[in-house]
Amino acid sequence: MTDTEYATTTARIGALADLWLPCLGLKDAWHIAFRYFRDSGEYAMDKHGESYDRESVAYASVSWAYLDALITFNVPRFVVMTPARQEEAFVHELCHVLIHEMRAGTRCDCEYDIRHEERVCTMLARAFVWTKEHFSRTADPEKTCTPQKGAAQDAG
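Criteria and thresholds
- Residues numbered from 1 in each chain as written.
- Predicted model: local features only at pLDDT ≥ 70, side-chain atom pairs only at ≥ 80, totals over all residues.
- Heavy atoms only, no water.
- Helix = DSSP H or I, 4+ residues; strand = E, 2+ residues; numbered from the N terminus.
- Buried < 20%, exposed > 50% of the residue type's maximum accessible area, 1.4 Å probe, protein only.
- Contact = heavy atoms within 4.5 Å.
- Phe/Tyr/Trp six-rings, centres within 6.5 Å; stacked < 30°, edge-to-face > 60°.
- Lys NZ or Arg CZ within 6 Å of the ring centre and 35° of its normal.

A.B. asks: Tell me about the environment of Arg103, and name the residues and values.
C.D. replies: Relative to the elements of secondary structure, Arg103 occurs in the loop between helix H4 (83-99) and helix H5 (114-138). For Arg103, a relative accessible area of 29% puts it in the partly exposed group. Along the primary structure Arg103 and Ile114 are separated by 11 residues, whereas in three dimensions their C-alpha atoms are 9.1 Å apart.

Following this line, the structure appears as structure tokens:
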């Protein structure tokens, strides 16, 4: 990977963060940091010395109690993706931030099956990206789509 590819890719991730953190309500309430690995082997060993899938694009480490997260990127895997897949992968990791707390809600001695969380994050990411694309095509350019004060009430 060249320095230019690395710089372009990290700038792309920054642009995605600028777009999606406010959109998903994660910009002000959460502290989310990003880390980048230029080497897939180093990325794979990053998770506290445990072996991690060197083919994965990214992973989110979340401390939901403190509203703190670190998203780590396997830049060689990210750089070869289409812009649309990059965006979906980025939003997917943000979805892990949103739902991570649910892991603590298991009330059994069974092993947590991450596959359910992965599917939920994938479906949410696709829904969020689809919604953004849909409204960017159909929105009235004269109007802005910003929430009004008091519009988002807790349904629970």
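A.B. asks: Explain the environment of Leu24 to me, using residue names and the numbers behind them.
C.D. replies: Within the secondary structure, Leu24 is located in the loop between helix H1 (3-23) and strand S1 (31-37). A relative accessible area of 13% means that Leu24 is categorised as buried. In this structure Leu24 touches Val91, Leu94, Leu98 and Phe128, once residues within four positions along its chain are discounted.

A.B. asks: Which residues make up the packing of aromatic side chains, and what are the values?
C.D. replies: Scanning all chains against the criterion turns up 7 aromatic pairs. Judged by centre distance (5.5 Å) and plane angle (75°), the ring pair of Phe73 and Phe78 falls under edge-to-face. Looking at Phe73, the relative accessible area reads 0%, which means it is buried. Look at Phe78 and you get buried, because its relative accessible area is 0%. A network of ring pairs unites the aromatic residues Phe34, Tyr36, Phe73, Phe78 and Phe90 as a single cluster. Across from the ring centre of Tyr6, 4.6 Å away, lies the NZ or CZ of Arg38, which sits over that ring.

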